[in-house]
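Survey of secondary and tertiary structure
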Amino acid sequence: MAKIRDVYEQARKELNPNISAASLRLLMVETNNFKNYADLDHNLEKEQQNEDIFWKMFASLNKGVPVQYIVNNANFLGEDFHVDSRVLIPRPETEELVEQVYRDLLFNYRDEPFTLVDLGTGSGVIAISIAKRFPNAKVYAVDIDYDALKVARFNARRHEVDVQFLIGDMLKPLIQQGVKFDYIISNPPYIGNLEEIEENVFKYEPLIALEAKEGTEFYEKIFADVNEVFDEQVKIYFEIGYDQKKKLTKFVEKLPFQTKFNFSRDLQGKDRYLFVSLKK
Ligand SMILES: C[S@@+](CC[C@H](N)C(=O)[O-])C[C@H]1O[C@@H](n2cnc3c(N)ncnc32)[C@H](O)[C@@H]1O
């Protein structure tokens, strides 16, 4: 039986230089059932749990499989979500988007019910985080991919929130049901040129979660249908590609509504969010 410290040191020596040390630490946290890195650091003299399983998982990590898929867990705003190869691994940029939505919703908070939809929900992190934080919200979530929706439903049950999941093409299933919204949130696929993305993202994450014609097809699709899903006004929160500001500005300026919009940057200083308020 080896101590965690010895396993860790051995694994660090063997770690592929292209893989981050943080991924290895996360693997050690998860295989020992610790809560976080601090827990790991305080328990280095304990025995490594399930050492055989650890080394099998380590072999996958060294091949480039994202650690979140190996341990079937991703942390999003401090909460755990099941992830596997059926869904995109949620990114820190998307945590920033949801924090922005939290701030706005709290600012406008009237203790009244409101309706909100997350388009392209994937693992469900956006819809579930908001439903958990705002029990007065009626939250919908849409994805075109049946397998992704299975993961999202599983996560909603695990977090004990009520989210209405629908399968379909962006706003289409909601139009069919005649639902109207106060808020729309989406981190849709927005990669126009797949050659730009990292090799391991391309290799392991679902293409359907990444690829968009011309990069902007899904924003355009949502704007084309939005008239049908709101009564007087709606606010839309988008995560966007870092190079899409110019193109989306031209598009939003032509919308047939009273329109206010602004872009904001992520922590890396990239144009990453588009917020649009529409009034009829
Ligand atoms: C970038 S991922 C976002 C996943 C999750 N919301 C997140 O932020 O981590 C985009 C999601 O959109 C879904 N998607 C792709 N095309 C779609 C469409 N036409 N209608 C609805 N969802 C779609 C994909 O299956 C994928 O789950």
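On to the side chain of N155, then. Relative to the elements of secondary structure, N155 occurs in helix α8 (residues 146-158). Exposure remark for N155: the relative accessible area of 0% places this residue in the buried category. Apart from the residues within four sequence positions on either side, N155 is in contact with F81, H82, S123 and I128.

This part takes up the pattern of salt bridges. The full count for this structure, using the stated rule, is 11 salt bridges. Between K3 and E45 there is a salt bridge, with its nearest N and O atoms 3.1 Å apart. Here E45 lies in the loop between α3 (37-42) and α4 (51-63) and K3 lies in the segment before α1 (4-14), a separation of 42 residues in the sequence. The exposure class assigned to E45 is partly exposed, which follows from its relative accessible area of 44%. Because the salt bridges share partners, they merge into one network encompassing K3, R5 and E45.

In this section: the environment of F263. Relative to the assigned elements, F263 resides in strand β8 (residues 258-265). A relative accessible area of 17% places F263 in the buried class. Once the C-alpha coordinates of F263 and E93 are considered, the two residues, 170 residues apart in sequence, prove to be 14 Å apart. Excluding its chain neighbours within four sequence positions, the residues that come into contact with F263 are I240, K245, L248, T249, Y273 and L274.

Turning our attention to the pairing of strand β7 (residues 233-239). For β7, a buried count of 6 out of 7 residues is recorded, marking the element as mostly surrounded by other parts of the structure. Pairing analysis gives 4 bridges linking strand β6 (residues 183-186) to β7, with the strands arranged parallel. Residue pairing in the sheet places I184 in a bridge with I236 of β7.

Within helix α2 (residues 21-31) the residues assigned to the buried category are S23, L24, R25, L27, M28, V29 and T31. Close packing links the buried residues of α2 with α1, α3, α4 and α5 (67-71). Remark: N33 follows α2 within two positions and exhibits a positive phi of approximately 55°.

Moving on: the packing of aromatic side chains. Under the criterion given, the structure shown has 16 aromatic pairs. Ring geometry for F76 versus F81: centroids 6.2 Å apart, planes at 85°, classification edge-to-face. Residue class for F81 comes out buried when judged on its relative accessible area of 1%. Relative to F275, the ring of Y237 lies with its centre 5.5 Å away and its plane at 65°, an arrangement referred to as edge-to-face. Residue Y237 is found in strand β7, and its partner F275 is found in strand β9 (residues 271-279); the two are separated by 38 residues along the sequence. Put simply, the rings of Y102, F114, F134, Y183, Y237, Y273 and F275 pair up and form one aromatic cluster. Its end group placed over the ring of Y37, R25 keeps NZ or CZ at 4.9 Å from the ring centre. Lying over the aromatic face of Y102, R133 brings its terminal NZ or CZ to 4.4 Å of the ring centre.

Backbone hydrogen bonds are what pair the strands of a sheet, in a parallel or an antiparallel way. Here 7 strands make up an open sheet; going across it, the order is β5-β4-β3-β6-β7-β9-β8 and the pairing mixed. In this open sheet, the two edge strands, each paired with only one partner strand, are β5 (163-167) and β8. Recorded for the sheet is a direction-independent mean angle of 15° between the axes of neighbouring strands. Pairing between strand β3 (residues 114-119) and β6: 4 bridges, direction parallel. Its bridge partner lying in β6, D118 is registered against I185. Against the sheet, α8 makes contact with β4 (137-143) and β5, and its axis sits at roughly 175° relative to β5, the strand it touches most. Contacts from helix α12 (residues 245-253) reach β8 and β9 within the one sheet, and its direction differs from that of β8 by about 170°.

With that settled, consider the domain arrangement of the protein. We note that the domain assignment places domain 1 (4-71) and domain 2 (92-279) within the protein. For domain 1 and domain 2, the distance between their C-alpha centroids amounts to 34 Å. With 5 residues of domain 1 in contact, the opposing surface of domain 2 contributes 4 residues. Taking both sides of the interface into account, the surface hidden between domain 1 and domain 2 amounts to around 370 Å²; carbon and sulfur atoms contribute 52%. Of all residues in domain 1, G64, P66 and Y69 give up the largest surface area on contact with domain 2, accounting jointly for 70% of the area buried on that side. Put simply, domain 1 and domain 2 have 0 salt bridges between them.

Definitions and cut-offs
- Residues numbered from 1 in each chain as written.
- Predicted model: local features only at pLDDT ≥ 70, side-chain atom pairs only at ≥ 80, totals over all residues.
- Heavy atoms only, no water.
- Helix = DSSP H or I, 4+ residues; strand = E, 2+ residues; numbered from the N terminus.
- Buried < 20%, exposed > 50% of the residue type's maximum accessible area, 1.4 Å probe, protein only.
- Contact = heavy atoms within 4.5 Å.
- Salt bridge = Lys/Arg side-chain N within 4 Å of Asp/Glu carboxyl O.
- Pairing = 2+ DSSP bridges.
- Phe/Tyr/Trp six-rings, centres within 6.5 Å; stacked < 30°, edge-to-face > 60°.
- Lys NZ or Arg CZ within 6 Å of the ring centre and 35° of its normal.
- Axes fitted to C-alpha atoms, helices over the stretch in contact; angles between N-to-C directions.
- Domains from an automatic or database assignment.
- Buried area = accessible area lost by both parts, 1.4 Å probe.

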